[in-house]
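# A look at the structure
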Amino acid sequence: MIETINKKIELFITNIDGINQDSTKIILDKSNTSISEDLNKGHLTTNVCMIAASILKLNPKELAKKLEKTLNKLDLFKSVQAAGPGFINITLHKKDFIAVLYNIVKQKGEFGKSNIGAGKKVQIEFVSANPTGPLHVGHGRGAAYGDAIGRILQATGTDVEKEYYINDAGRQIDILTASVIIKIIQKDLDNFFPQNAYKGGYIESIGEEFISNNKIKYDSYNSITYDLSSDPEEEIDQIILNLKKLDSVIWNEVKSFSLSSIIHSIKNDLKDFKVNFDNWFDESSLGKLSDNSSEISNSITKLIEDGKAYEKDGAIWLNTESSGDDKHRVLVRDDGRATYFASDVAYHKNKLDRGYDDLINIWGADHHGYIKRIEASIEALGSKKERLIVKLVQFANLFKNGKKVKMSTRSGEFFTLRELIEDIGADAARFYYLSKQADQHLDFDLDLAKSDSKENIFYYIQYAHARIFSLEQKFKEMNPSLDINLYAVEKDLYKECDALIHEITKYPEVVKRSARTLQPHLIIFYLRDLSQLFHSYYNDNHVLSESNENMQSIVFCLSAVRQTISNGLDILGISPMQKM
RNA sequence: GCGCCUGUAGCUCAGCUGGAUAGAGCAACUGCCUUCUAAGCAGUGGGUCAGGAGUUCGAAUCUCUUCAGGCGCGCCA
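Residues numbered from 1 in each chain as written. Chains lettered and ligands numbered in written order. Predicted model: local features only at pLDDT ≥ 70, side-chain atom pairs only at ≥ 80, totals over all residues. Heavy atoms only, no water.

## Things to note about the sheet that holds strand E6 (residues 159–166)
Condition: Only when DSSP finds a minimum of two bridges between them are two strands counted as paired. Runs of E in the DSSP output that reach at least two residues are strands. Runs of H or I that reach at least four are helices, and both are numbered from the N terminus. Every angle, taken between N-to-C directions, lies between 0 and 180 degrees, and every axis is a line fitted to C-alpha atoms, over only the stretch in contact when it is a helix. Contacts: residue pairs with any heavy atoms within 4.5 Å of one another.
One open sheet holds the five strands; their spatial order is E7-E6-E5-E11-E12, and the pairing between them is parallel. Strands at the two margins of the open sheet, each flanked by one partner only, are strand E7 (279–282) and strand E12 (388–393). When strand polarity is set aside, the average angle formed by the axes of neighbouring strands in this sheet is 25°. Judged from the five bridges that link them, strand E5 (residues 121–125) and E6 form a sheet pairing that is parallel. Bridge pairing in E6 links Lys-121 to Asp-159. The sheet contacts of helix H13 (residues 340–353) involve E5, E6, E7, strand E11 (358–364) and E12, and relative to E6 the element is tilted by about 160°. Relative to E12, helix H14 (residues 371–380) is tilted by about 165°, and along the sheet it contacts E11 and E12.

The structure is reproduced here in structure tokens:
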């Protein structure tokens, strides 16, 4: 219907006296015909007259009057009215208005999906937490957000791949390994434990699990702790060296055991959070600098050959300033070790080479200073930096019993994602993570998420869904021979559902906008509005005591509402409830 | 100091590529359960959209500036 109207509008604009092609194009691009906010403003609204007036220096109200006349003559609509500063409000014939309901019956779970992203291939990399401990509630937000974005883009026809980058190489894994070993032999070291080692209870569990099937036997435990630096950073590095020297076989066994144990538990947590990845990419697969044919060596060699990277003070630097970074960045340290940045450059090169149109990276907001240098590296590698879209996710503060839950990764005190799932359930957790724009601080109230008040939007929406579901069942039981149809609504004999129908027609646009802006919270707010309209309707109208004819229409409409809620929740990875 | 983000009702937040009287929920006050789930509904009060200037027929939205808050600025990861 909107396309039909737009064609008529285009005709009208082209016929304005003295207009040229350029202005026509600008007006049509900038103007917008859309579903009106509410029924007081008709079914559809266009602002084209105001846009045209501003460009052509005309009076918007007069122009609107003319368009009103033109559209009314067509006899396509029930009524067309110029209103306010120059809007055109269009009221459709009932059969056009309710067409969306037939669509929903036909499309069911597909209602709201589109193909505006068809032909596009996008990769989303998210979570990518270091495998040095369990996922905590901070990671949960990135997980919920990334997964929702993936689903939303898929709903617009985009080809989406979701990937987790596992930092399984580098110093932090050495620290993990050392932490586990020291924990195992701690008693023989007078309970010595390095300041910068990981302290969480999971370290002890991994150690216990390891020695239940293996043995650690060192000739001299004490040699590990000889002459240690008082600087915590140096201390842990010395211990790592000592342990490797003492027994490299044991070191490697503990390392791979610890890694696989943690990665396994991360995968499990994400599975229970209903987040699925298409790829798990190991940092270690990029190879080592010492290997000339490894990806990490190749990417650095290419940068040097292309004149983007250079040697200075014994280190290899990348010129990132040309892309707006404030200083050049080191790729290879003067001691020959690669930096974390070097791995990331190689990883992004790998992703670029895989041929995606867009790369979406979802990072913690504390990494925003890192964006420029990655963009710079992408340009240095010969790609457009616009291919990379970085979305930042702010930390979530947890509140329990009205108090903020303290968290500190270093001390091993944190609220894990698993605890959150066990406390309020994966669906409620996902919902609240997505209930606010990702790049803003979120206060996550655990008590609210479990409360049975209207303030708990999660249940408010679920409640609407469950009420309709139950109503449909009752209708079937009481009237087994009655089918559902839209006769009463179409003939305007029953109008109480109109506001609901009008709200439903907005849904496909909400999904599109959510995809365009990568903002899942738009869907949540839409679902709340739709639920609110439903609860209001439900309170004022006793469905099952209506006439058969009315009931047949009402159940038809309400089923469509339920389907829309269900689709909206599904796109966020949340299961609708049939009973509460 | 530089960079990024934020400032909308007492509180928590929506507000679309600038558009119609700036919206919800909570809290406060008032009503609605012999009928389909009261985890619900209806109503009342509450705003210099942080301040100022500019662009525009029109600004919470765009630009500049001031103020306030958060975060980031390693040959760490």
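Structure shown, so let's carry the discussion forward.
## Examining the packing of aromatic side chains
Counted only if it meets this: Each Phe, Tyr or Trp ring, with Trp reduced to its six-membered ring, pairs with another whose centre is within 6.5 Å; inter-plane angles below 30 degrees give stacked pairs, above 60 give edge-to-face pairs, and intermediate values give tilted ones. When accessible area is computed with a 1.4 Å probe and restricted to protein chains, residues below 20% of their type maximum are described as buried, those above 50% as exposed, and intermediate ones as partly exposed. To sit over a ring, a charge needs its Lys NZ or Arg CZ within 6 Å of the ring centre and within 35 degrees of the ring normal.
One pass over the structure, following the stated rule, counts 21 aromatic pairs. Between Tyr-165 and Tyr-347 the ring centres are 3.9 Å apart and the planes differ by 15°, which places this aromatic pair in the stacked class. One end of the pair, Tyr-165, is in strand E6; the other, Tyr-347, is in helix H13, and 182 residues separate them in sequence. When the centroid spacing of 4.8 Å and the interplanar angle of 45° are considered together, the rings of Phe-281 and Tyr-347 count as tilted. With Phe-281 in strand E7 and Tyr-347 in helix H13, this residue pair connects regions lying 66 residues apart in the sequence. We note that Phe-281, like Tyr-347, is buried. Here the guanidinium or amino end of Lys-267 rests over the ring plane of Trp-280, the centre of that ring lying 4.7 Å away. Lying across the ring of Phe-273, Arg-430 places its NZ or CZ 5.8 Å from the centre.

## Here we look at the protein's contact with RNA strand B
Stated precisely, the cut-off is as follows: Nearness of a residue to a molecule or strand requires only that one of the residue's heavy atoms be within 4 Å of it. By the criterion applied in these results, polar contacts are pairs of N or O atoms within 3.5 Å in which, for protein atoms, one can donate a hydrogen and the other can accept it, and in which residues neighboring in sequence qualify only through two side-chain atoms. In this count, Pro and Cys sit with the nonpolar residues alongside Ala, Val, Leu, Ile, Met, Phe, Trp and Tyr, while Asp, Glu, Lys and Arg are called charged and the others, Gly among them, polar.
Taken together, 62 residues lie around RNA strand B, and Asn-32, Phe-87, Gln-172, Arg-333 and Tyr-463 are the ones closest in. Sugar and phosphate atoms represent 61% of those atoms of RNA strand B found within 4 Å of the protein. Within the side chain of Asn-130, an N or O atom sits 3.0 Å from a sugar or linking oxygen of RNA strand B. Broken down by secondary-structure element, the contributors of at least two residues to the surface near RNA strand B are helix H3 (48–56), strand E4 (87–91), helix H8 (171–185), strand E9 (315–318), helix H18 (457–478) and helix H21 (521–540). Among the elements that make up the surface near RNA strand B, the one with the highest residue count is H21 (ten residues). Within the surface near RNA strand B, the residues separate by chemical class into 20 nonpolar, 22 polar and 20 charged.

## Quick notes on helix H4 (residues 60–74)
Test applied: By this rule, a helix spans an expected 1.5 Å times one less than how many residues it contains. Each direction from the helix axis to a C-beta atom contributes to the arc, which is the arc of those directions.
Its 15 residues give H4 an end-to-end C-alpha distance of 21 Å, which sits within 8% of 21 Å, the value for a rise of 1.5 Å per residue. Here H4 has its buried residues at Leu-63, Ala-64, Leu-67, Glu-68 and Leu-71. What you see down the axis of H4 is that its buried residues fit within an arc of 145°, all on one side. In H4, the exposed positions angled more than 90 degrees off the buried face are occupied by Glu-62, Lys-66, Lys-69 and Lys-73. Capping of H4 at its N-terminal end is provided by Asn-59; its side-chain oxygen lies 2.9 Å from the backbone amide nitrogen of Lys-61. Trailing H4 by a residue or two, Asp-75 shows a phi angle of about 65°, which is positive.

## Considerations on the packing of H3 against H4
To keep things clear, this is the line we draw: Any angle that is under 35 degrees is reported as roughly parallel, and any over 145 degrees as roughly antiparallel; angles of 65 to 115 degrees are reported as roughly perpendicular and all others as oblique. Crossing handedness follows the turn of the near helix against the far one: under a right angle anticlockwise gives a left-handed crossing, and clockwise gives a right-handed one.
At a closest axis distance of 8 Å, the pairing of H3 and H4 adopts a crossing angle of 130°. In terms of their interaxial angle, H3 and H4 are classed as oblique. When the axes of H3 and H4 are compared, the crossing they make is right-handed. Here H3 contributes Val-48, Cys-49, Met-50, Ala-52 and Ala-53 to the contact with H4, which in turn contributes Pro-60, Leu-63, Ala-64 and Leu-67.

## Some remarks on the packing of H8 against helix H9 (residues 201–213)
Closest axis-to-axis distance for the H8/H9 pair is 9 Å, and the angle between their directions is 70°. The angle between H8 and H9 places the two elements in the roughly perpendicular class. Relative to H9, H8 is oriented so that their crossing is right-handed. Counted together, Leu-176, Ser-179, Val-180, Lys-183 and Ile-184 of H8 and Ile-203, Glu-204, Ile-206, Gly-207, Phe-210 and Ile-211 of H9 form the full contact between these two elements. The residue makeup of the contact of H8 with H9, split by class, is seven nonpolar, two polar and two charged.

## Description of the sheet that holds strand E14 (residues 403–404)
Spatially, E14-E13-E15 is the arrangement adopted by the three strands of the open sheet, whose pairing is mixed. Of all strands in the sheet, those with a lone pairing partner are E14 and strand E15 (442–445), marking the two edges. Of the strand pairs in this sheet, strand E13 (residues 396–400) and E14 are connected by two bridges, and their pairing is antiparallel. Within E14, the position partnered with Phe-399 by the bridge is Lys-404. Sheet strands touched by helix H16 (residues 426–433): E13 and E15. Its angle to E15, the strand with the most contacts, is close to 155°.

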